[in-house]
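If you want the building blocks of each chain, they are given just below.
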Amino acid sequence: TVYDQWFVTLFNIVYTSLPVLAMGIFDQDVSDQTSMDYPQLYEPGQLNLLFNKRRFFICVAHGIYTSLALFFIPYGSFYNVAGEDGQHIADYQSFAVTMATSLVIVVSVQIALDTSYWTVVNHVFIWGSVATYFSILLAMHSNGIFGIFPRQFPFVAVASVMPVVTFRFLRMCLYPSLSDQIRRWQKAQRKERPIRSRKPQIRRSSSRRSGYAFAHQEGYGELITSGKNMRAKSPAPTSGLEKTLYNNASWIENLCKKTADVVSGFSHDKTVK
Amino acid sequence: MTWSASARGAHQPDNTAFTQQRLPAWQPLLSAGITLPLFFCAGLAFIGLGLGLFYSSNGIKELEYDYTGNPGTGNCSLCAAEGQGRAPPPNCSCAWYFSLPELFPGPVYLYYELSNFYQNNRRYGVSRDDAQLSGLASALRHPANECAPYQYSATGLPIAPCGAIANSLFNDSFSLWHQRQPGGSYVEVPLDRTAIAWWTDYHVKFRNPPLVNGSLALAFRGTAPPPNWHRPVYELSPDPNNTGFINQDFVVWMRTAALPTFRKLYARIRQGNYSAGLPRGAYRVNITYNYPVSAFGGHKLIILSNISWMGGKNPFLGIAYLVVGSLCILMGFVMLVVYIRYQDQDDDDNDDE
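Within each chain, residue numbers correspond to sequence positions counted from 1 in written order. Each chain is given a letter, starting from A, and each ligand a number, starting from 1, according to the order in which they appear as written. Per-residue local features of the predicted model are confined to residues with pLDDT of at least 70, and side-chain atom pairs are confined, for both listing and counting, to 80 or more; whole-chain, interface and lining totals are unaffected and use all residues. Note that the side-chain values use all heavy atoms of the structure and ignore hydrogens as well as water.

**Student:** Looking at this model, I keep getting lost on the sheet that holds strand β7 (residues 262-269) of chain B. Mind explaining?
**Tutor:** Whenever strands of a sheet pair, they do so through backbone hydrogen bonds, lying parallel or antiparallel. Residue and element names in this part refer to chain B. Any two strands with at least two DSSP bridges between them are considered paired. Strands are runs of DSSP state E lasting at least 2 residues, helices are runs of H or I lasting at least 4, and numbering of each runs from the N terminus. Strand order across the open sheet formed by four strands is β1-β10-β4-β7, with antiparallel pairing between neighbours. Two strands bound the open sheet, and with one partner strand each, they are β1 (62-66) and β7. In this sheet, adjacent strand axes meet at a mean angle of 20 degrees when their direction is disregarded. Strand direction decides the pairing type here: strand β4 (residues 108-115) and β7, joined by seven bridges, are antiparallel. Paired with valine 108 across the two strands is isoleucine 269, which belongs to β7. Whenever a helix is involved, its axis is fitted only over the stretch in contact; in every case the axis is a line through C-alpha atoms, and angles between N-to-C directions fall within 0 to 180 degrees.

So this is what it looks like as structure tokens:
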């Protein structure tokens, strides 16, 4: 096996568990206030869009690509190589250490890409894991290795991570999701605070009208399913964000109509029986 | 917002920044302003580095000669035929003649390369006793169990050094002769056989056991050499700093290679008249053919090479950097086009309303 046995043991425990834990606890894509303002944000979760079979296989394919890059790039570099002093450096220990270091760096960079809410704890866990890896490496191996391969690590990390960054950027440009747009709007809002703060007020009032989750009396259900409150009585949306919400709203309207038809179909059956 | 304003209950969570997830945080957004410059800068840096590595690798000169002795390939085939797959008789020697049309810039390094030799085989790779090799007197006569079947000799003596790696020590030797004038005599080129192993291996990891009455042979009394060796370990070299476990060839061999085709350093040529390189002329390499490789279909090569700042001749990394750099720049342009069109589309839609 290529990897040092201690590396395999420590990999799951020390090097990679903490950043994932920190991301699971602290990650937020939009603030809690904004989550309440835009309940449409919860739809991808309800419709199982974020973790389904297609996503899983994309994840597997990404893992396969990364592992191929992580093996074959050091393999090609080590083939018939010699060190700066002519010494034999294509030995088993160096090869294992090169691959292991590239792996830890790639994994940390990947989770850094996925983290969208960087608290202090996230920073400490992610950079700390990489630093822990290097200190354990230093403690376990002799000093022959460290001067030799600084050239390769940035290459492997970049070669693995660049395609991911490309896909994410293109997806955000061409098919932005609602949460991406809200994040962009949030960021813009923080920059131009006095001018923009009025617009959210308008949106909040309309969502209060459709806030059926907090209704104290019945009757809003029909209002929602008829879609009346969602039609543009307000002036045509001018910003991209509102326009997309508007488009989403009409899509929701169609979905609600379909659900209402199904529901009324069932109740009709019941009355017949 | 219509929260019920009840009094603070017993199970209500604390209203601190940590528990209510209000910690101050940085929220990066993968926007064009970050991604596009990143891709272009990375692409340019990689292309620069790739060009540097590629040209540096191309500038390295290398001479190699396969002296396995397959039939019809020079006079080493006689040595190989004599052995018939088992170890050839000791001191069978053959020669390689070559000539250099111009100066081979130095310092020049002499390597031997083996192919189809799996030093990374798991069972082979663990067959060693590092405690014995570090000179511990207690471990010298009690080799570890991983060394089996090279742990105790047929007569019951412990083997020092034990294990399959030590047993398969490469024992060919080379000498280089230079003929300055055509038809003249050959002069030996001095080969520097010191410091070919890693510093830490030679000084820290491998130590001889403590001398007994000032003699290394007595320190190894009661042990046997590995079955394939012609000489015991304390007679590997007349130099007392290079014999026993700290013999440089032995230490280089014990550092197992990662891939089945590997080369190991044999000597450096950097002394006397040859410190600037090998001048033009005719050369002869005398090879003492001891190591059998035909049993496993391997090949033996001898290689003369010089070195640059990035190591030996290896164009792979240079080409890989160039490819990835150009892909980065290409993708950067694609994303730039997509971004500009998306911006225009967004502005147009806004204008239409």
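**Student:** Before we go on, may I ask you to explain the nonpolar core in this structure?
**Tutor:** Nonpolar side chains in soluble globular proteins tend to end up buried together. Residue and element names in this part refer to chain B. For our purposes a nonpolar core is just a set of buried Ala, Val, Leu, Ile, Met, Phe, Trp, Tyr and Cys residues, chained together by side-chain atoms within 4.5 Å. Relative accessibility thresholds used throughout: buried, under 20% of the residue-type maximum; exposed, over 50%; partly exposed, between the two (1.4 Å probe, protein chains only). Ranked by size, the top nonpolar core spans 66 residues in total, and within it Tyr67, Phe174, Leu176, Phe250, Trp253, Ile269 and Leu278 carry the most contacts. Ignoring sequence-local partners within four residues, the contact set of isoleucine 269 consists of Pro107, Val108, Leu176, Val189, Pro190, Leu191, Tyr274, Leu278 and Leu304. Core analysis: the next-biggest nonpolar cluster, separate from the first, contains 15 residues, Phe39, Leu317, Tyr321 and Val324 among them. Every residue pair with non-hydrogen atoms within 4.5 Å of one another is taken to be in contact.

**Student:** How should I be thinking about the UniProt feature "transmembrane region" (unreviewed entry) in chain A in this particular structure?
**Tutor:** All names here are of chain A. UniProt positions are given in the numbering used here, feature names are shortened, and annotations may be inferred rather than shown by experiment. With numbering aligned to this structure, UniProt lists the feature "transmembrane region" (unreviewed entry) at residues 6-26, 56-75, 95-113, 125-149 and 155-174. With 95% helix and 0% strand, residues 6-26 has its two end C-alpha atoms placed 30 Å apart. The span residues 95-113 is 100% helix and 0% strand, and its two end C-alpha atoms sit 27 Å from each other.

**Student:** Quick question: what am I supposed to make of the UniProt feature "transmembrane region" (unreviewed entry) in chain B here?
**Tutor:** Residue and element names in this part refer to chain B. The residues that UniProt annotates with the feature "transmembrane region" (unreviewed entry) are residues 34-55 and 316-340. End C-alpha to end C-alpha, residues 34-55 measures 32 Å, and it is 100% helix and 0% strand. Within the segment residues 316-340, helix and strand shares are 100% and 0% respectively, and the terminal C-alpha atoms sit 36 Å apart.

**Student:** Help me out: how do you make sense of the state of the cysteines in this one?
**Tutor:** Structurally, a disulfide amounts to a covalent bond that connects the sulfur atoms of two cysteines. Residue and element names in this part refer to chain B. Cysteine sulfur pairs qualify as disulfides if the two atoms are within 2.5 Å. A complete count under the given rule lists one disulfide over all chains for this structure. Free of any disulfide, cysteine 41 has its nearest cysteine sulfur in cysteine 328, 11 Å distant. With relative accessibility at 53%, the residue cysteine 41 sits in the exposed group.

**Student:** Any chance you could explain the side chain of B:Asn242 here in plain terms?
**Tutor:** Residues and elements named next belong to chain B. The topology assignment puts asparagine 242 in the loop between α8 (216-219) and α9 (248-254). Residue class for asparagine 242 comes out buried when judged on its relative accessible area of 15%. In the analysis that follows, any N or O atom pair within 3.5 Å is treated as a polar contact, provided that within protein one partner can donate a hydrogen and the other can accept it, and provided that, for residues neighboring in sequence, both atoms belong to side chains. From its side chain, asparagine 242 meets the backbone nitrogen of glutamine 248 in a polar contact 2.8 Å long. In this structure, asparagine 242 is in contact with Ser237, Asn247 and Gln248, ignoring residues within four places of it in sequence.

**Student:** Would you explain the packing of aromatic side chains in this entry?
**Tutor:** Ring pairs (aromatic) are described by centroid distance and by the angle formed between their planes. Residue and element names in this part refer to chain B. Here a pair means two rings of Phe, Tyr or Trp (six-membered ring of Trp) with centres within 6.5 Å. Their orientation is stacked below 30 degrees between planes, edge-to-face above 60, and tilted elsewhere. Under the defined criterion, the tally for this structure stands at 32 aromatic pairs over all chains. Summarising the aromatic geometry, the rings of tyrosine 112 and tyrosine 266 are spaced 6.5 Å apart at their centres and angled 80 degrees between planes, so their arrangement reads as edge-to-face. Here tyrosine 112, found in strand β4, pairs with tyrosine 266, found in strand β7; they are 154 residues apart in sequence, far enough to count as distant. Of the two residues, tyrosine 112 and tyrosine 266, neither departs from the other in class, the shared state being buried. Both rings, one in phenylalanine 206 and one in phenylalanine 250, keep their centres 6.2 Å apart while their planes meet at 85 degrees; by these two values the pair is edge-to-face. Residue phenylalanine 206 is located in the loop between α7 (199-205) and α8, and its partner phenylalanine 250 is located in helix α9; the two are separated by 44 residues in the primary sequence.

**Student:** What is the right way to look at the side chain of B:Asn306 in this model?
**Tutor:** Residues and elements named next belong to chain B. Inspection of the secondary structure assignment puts asparagine 306 in strand β10 (residues 299-306). For asparagine 306, a relative accessible area of 7% puts it in the buried group. One polar contact links the side chain of asparagine 306 to the main-chain amide nitrogen of lysine 61, over a distance of 3.0 Å. Polar side-chain contacts of asparagine 306 include one of 2.9 Å to the backbone oxygen of proline 105.

**Student:** What is the right way to look at the domain arrangement of chain B in this model?
**Tutor:** Buried accessible area, meaning the area lost when the parts come together, often serves as the stated size of an interface. According to the domain assignment, chain B contains domain 1 (37-60 + 310-335) and domain 2 (64-306). Residue ranges labeled as domains rest on an automatic or database domain assignment. In this structure, domain 1 of chain B and domain 2 of chain B have C-alpha centres spaced 37 Å apart.

**Student:** What is the right way to read the sheet that holds strand β6 (residues 186-189) of chain B from this model?
**Tutor:** All names here are of chain B. Pairing is antiparallel in the open sheet, where four strands are placed in the order β2-β9-β5-β6. Where the open sheet ends on each side, the last strands, each with one partner, are β2 (92-100) and β6. Taken over all neighbouring pairs, the strand axes of this sheet differ in orientation by 30 degrees on average, direction set aside.

**Student:** For this particular structure, what's the right way to read helix α2 (residues 17-26) of chain A?
**Tutor:** Since the α-helix packs 3.6 residues into each turn, any two residues three or four apart lie on the same face. Among all positions of α2(A), only A:Pro19, A:Ala22 and A:Phe26 are buried. Projected down its long axis, α2(A) shows its buried positions confined to an angular sector of 60 degrees, all on one face. Our arc is simply the arc of the directions from the helix axis toward the C-beta atoms.

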